[in-house]
Amino acid sequence: MIVYNFLFIKIMGLNNFSSDIDWQDEAWISMWNVSEQISEAYKEEVKKTTAKVKKTRKDEKKAKQQDMLLAKFLVKILIDKRYDSLFPDLFKSFDVGVPSNLILWILSLVYMEISNELRANIWKKIILFSYSSEETINFNWKNLPQEVKDRINLWVEDILAIIQLNPSKVYTKRIIKTIQDSQELIDFTTKVLLYFLAEVNIYMSDKTAKEYSIFILKNIILNKIEK
């Protein structure tokens, strides 16, 4: 149910600028159909959360565009039960005001359609990732298959390029504060990293995944954008 709850928040928030939406677009029609099925019991909670989300996003120039992009992909992800385990942490991240572009970037590691669209926006070629293994191996960065290393490295490079697309001081400060303060962001990144590795039969402990997520967010991304 948390998946539907989160999606409804997106729909409620987007109603305020419906004049900018092409309601003939199939993605938006699908969103509307899904919203009709959501329980009335969640509407009050949704309204409260939506109000908080709007307040945290008022200074982000591209928030509406990124919110719509995220909503579009959520409609598609929603029908694929393989991703259900990611939604509780995704919802928590959004609820505390993690910007949509960070959420999209995190999801792009495990959902190639998002990766393709984000990379098109930063004028990069799509990633062709086809690694698979029938044998489960333990995570060790030095011994990791090169294709898996490259995929993770490109994932990190993508968010740096995405952030640079909007160089405003207000936006940059918000990204920095989110990375510095948000435990929810760390938890969501950890969950997605674990999911990605599990999909290619690589075992990583929760503790190690959290350490790598913190390293990626704070030692690589934060250091780059603070310079």
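It should be noted that the structure appears before, not after, this text.
Keep in mind that what you see is a predicted model, and the values were worked out from it rather than measured. (Residues numbered from 1 in each chain as written. Predicted model: local features only at pLDDT ≥ 70, side-chain atom pairs only at ≥ 80, totals over all residues. Heavy atoms only, no water.)

Engineer: Whenever I open this one, the pattern of salt bridges confuses me. Can you help?
Structural biologist: Oppositely charged side chains may form a pair once their charged atoms are brought near each other. Under the counting rule described, the total for this entry stands at 7 salt bridges. When the shortest N-O distance is used, the salt bridge between E113 and K76 registers 3.0 Å. Within this pair, whereas E113 is found in helix α7 (residues 112–121), its partner K76 is found in helix α4 (residues 63–78), the two being separated by 37 residues in sequence. Given a relative accessible area of 39%, E113 falls into the partly exposed group. (Salt bridge = Lys/Arg side-chain N within 4 Å of Asp/Glu carboxyl O. Helix = DSSP H or I, 4+ residues; strand = E, 2+ residues; numbered from the N terminus. Buried < 20%, exposed > 50% of the residue type's maximum accessible area, 1.4 Å probe, protein only.)

Engineer: What is the right way to look at helix α6 (residues 100–107) in this model?
Structural biologist: One turn of an α-helix holds 3.6 residues; hence residues three or four places apart share an orientation. The buried fraction of α6 is high, at 8 of 8 residues. Those residues of α6 not exposed but buried are S100, N101, L102, I103, L104, W105, I106 and L107.

Engineer: Teacher, can you tell me more about the environment of L109 here?
Structural biologist: By secondary structure assignment, the location of L109 is in the loop between α6 and α7. Along the sequence, L109 and V192 sit 83 residues apart, while their C-alpha atoms lie 7.4 Å from each other. Apart from residues no more than four positions distant in its own chain, L109 is found in contact with R151, W155, V192, L193 and F196. (Contact = heavy atoms within 4.5 Å.)

Engineer: Would you take a moment to explain the packing of aromatic side chains for this structure?
Structural biologist: In this description, a pair of aromatic rings is defined by centroid distance and the angle of the planes. Per the counting criterion, the structure on display carries 6 aromatic pairs. With a centroid separation of 6.2 Å and an interplanar angle of 75°, the aromatic rings of F73 and Y111 are classed as edge-to-face. Of the two residues, F73 is situated in helix α4 and Y111 in the loop between α6 and α7; the sequence distance between them amounts to 38 residues. Residue Y111 is classed as buried on the basis of its relative accessible area of 11%. Three or more aromatic residues link up through ring pairs in this structure, and these residues are F73, Y83, Y111 and Y195. When the ring centre of F73 is taken as reference, the NZ or CZ atom of K72 above it lies at 5.0 Å. (Phe/Tyr/Trp six-rings, centres within 6.5 Å; stacked < 30°, edge-to-face > 60°. Lys NZ or Arg CZ within 6 Å of the ring centre and 35° of its normal.)

Engineer: Quick question: what am I supposed to make of the packing of helix α8 (residues 146–164) against helix α10 (residues 183–199) here?
Structural biologist: Each pair of packed helices can be described by the angle between their axes along with the distance between the axes. Look at α8 against α10: their axes get within 12 Å of each other, and the N-to-C directions meet at 155°. By the angle class used here, α8 and α10 are roughly antiparallel. Judged by the twist between their axes, the crossing of α8 over α10 is right-handed. When α8 is examined against α10, the residues V148, R151, I152 and W155 are found in contact with a partner set consisting of T189, L193, F196 and L197. A breakdown of the residues in the contact of α8 with α10 according to their chemical character gives 6 nonpolar, 1 polar and 1 charged. (Axes fitted to C-alpha atoms, helices over the stretch in contact; angles between N-to-C directions. Parallel < 35°, antiparallel > 145°, perpendicular 65-115°, else oblique. Left-handed = near helix turned anticlockwise from the far one by under 90°. Nonpolar A, V, L, I, M, F, W, Y, C, P; charged D, E, K, R; others polar.)

Engineer: Is there a simple way to think about the nonpolar core in this case?
Structural biologist: Burial of nonpolar side chains together is a common tendency in soluble globular proteins. Judged by nonpolar contacts, the single largest core of 57 residues is most densely connected at L107 and I221. Elements with a contribution of two residues or more to this core: α4, α5 (87–95), α6, α7, α8, α9 (169–181), α10 and α11 (206–226). When sequence neighbours within four positions are dropped, the list of residues in contact with I221 reads W105, V156, I159, L160, I163, I179 and I216. (Core = buried A, V, L, I, M, F, W, Y, C linked by side-chain atoms within 4.5 Å.)

Engineer: Explanation requested: the environment of Q146 in the structure shown.
Structural biologist: With respect to the helices and strands, the residue Q146 is situated in helix α8. For Q146, a relative accessible area of 48% translates into the label partly exposed. Between the C-alpha atoms of Q146 and Y131, which are 15 residues apart in sequence, the distance is 9.5 Å.

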